[in-house]
Amino acid sequence: MAGGAAATYYLLKKRKNREQKVSIRRWECVQVSHHNEIGRKIEEWESNGWILYSYSAASFQSTAIKHYLLFMKED
């Protein structure tokens, strides 16, 4: 997933460079180990001004599922 987040960041940055720069966007990808933690993690980040941009999950070794939250913040 880190590659997906990096690719998304690259494409958004490339598109933004072609447009007028009005604000600076920052991106953070957060890994959550258990689905019960997702809501709390979103509330925590959104209370600090971040916006949830995307969510995805990936399975490793058929039992471990990792959840990835990509947050965006405009300054």
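Let me begin by describing the structure that accompanies this report.

**Regarding the pairing of strand β3 (residues 64–74)**
Then, in step 1: Where strand β1 (residues 25–32) meets β3, 8 bridges bridge the pair, whose relative direction is antiparallel. Counterpart to cysteine 29 in the pairing with β3 is leucine 70.
Then, in step 2: The turn linking strand β2 (residues 51–60) back onto β3 is made up of 3 residues, and glutamine 61 within it adopts a positive phi angle of 55°.

**So, the packing of aromatic side chains**
To describe a pair of aromatic rings, you give the distance between the ring centres and the angle between the ring planes.
Then, in step 1: Taken as a whole, this structure holds 3 aromatic pairs when the rule is applied.
Then, in step 2: Judged by centre distance (4.9 Å) and plane angle (85°), the ring pair of tryptophan 27 and tyrosine 53 falls under edge-to-face. On the criterion of sequence distance, the pair formed by tryptophan 27 in strand β1 and tyrosine 53 in strand β2 is long-range, its members being 26 residues apart.
Then, in step 3: Of the residues examined, tryptophan 27 reaches a relative accessible area of 14% and is grouped as buried.
Then, in step 4: The class of tyrosine 53 is partly exposed, set by a relative accessible area of 41%.
Then, in step 5: Each ring, one from tryptophan 45 and one from phenylalanine 71, has its centre 5.0 Å from the other, and the planes form 15°; the classification is stacked. Of the two residues, tryptophan 45 is situated in helix α2 (residues 38–47) and phenylalanine 71 in strand β3; the sequence distance between them amounts to 26 residues.
Then, in step 6: Overall, tryptophan 45 belongs to the buried group, its relative accessible area being 18%.
Then, in step 7: Residue class for phenylalanine 71 comes out buried when judged on its relative accessible area of 0%.
Then, in step 8: One aromatic cluster in this structure is built from Trp45, Trp50 and Phe71.

Calculation criteria
Residues numbered from 1 in each chain as written. Predicted model: local features only at pLDDT ≥ 70, side-chain atom pairs only at ≥ 80, totals over all residues. Heavy atoms only, no water. Pairing = 2+ DSSP bridges. Helix = DSSP H or I, 4+ residues; strand = E, 2+ residues; numbered from the N terminus. Phe/Tyr/Trp six-rings, centres within 6.5 Å; stacked < 30°, edge-to-face > 60°. Buried < 20%, exposed > 50% of the residue type's maximum accessible area, 1.4 Å probe, protein only.

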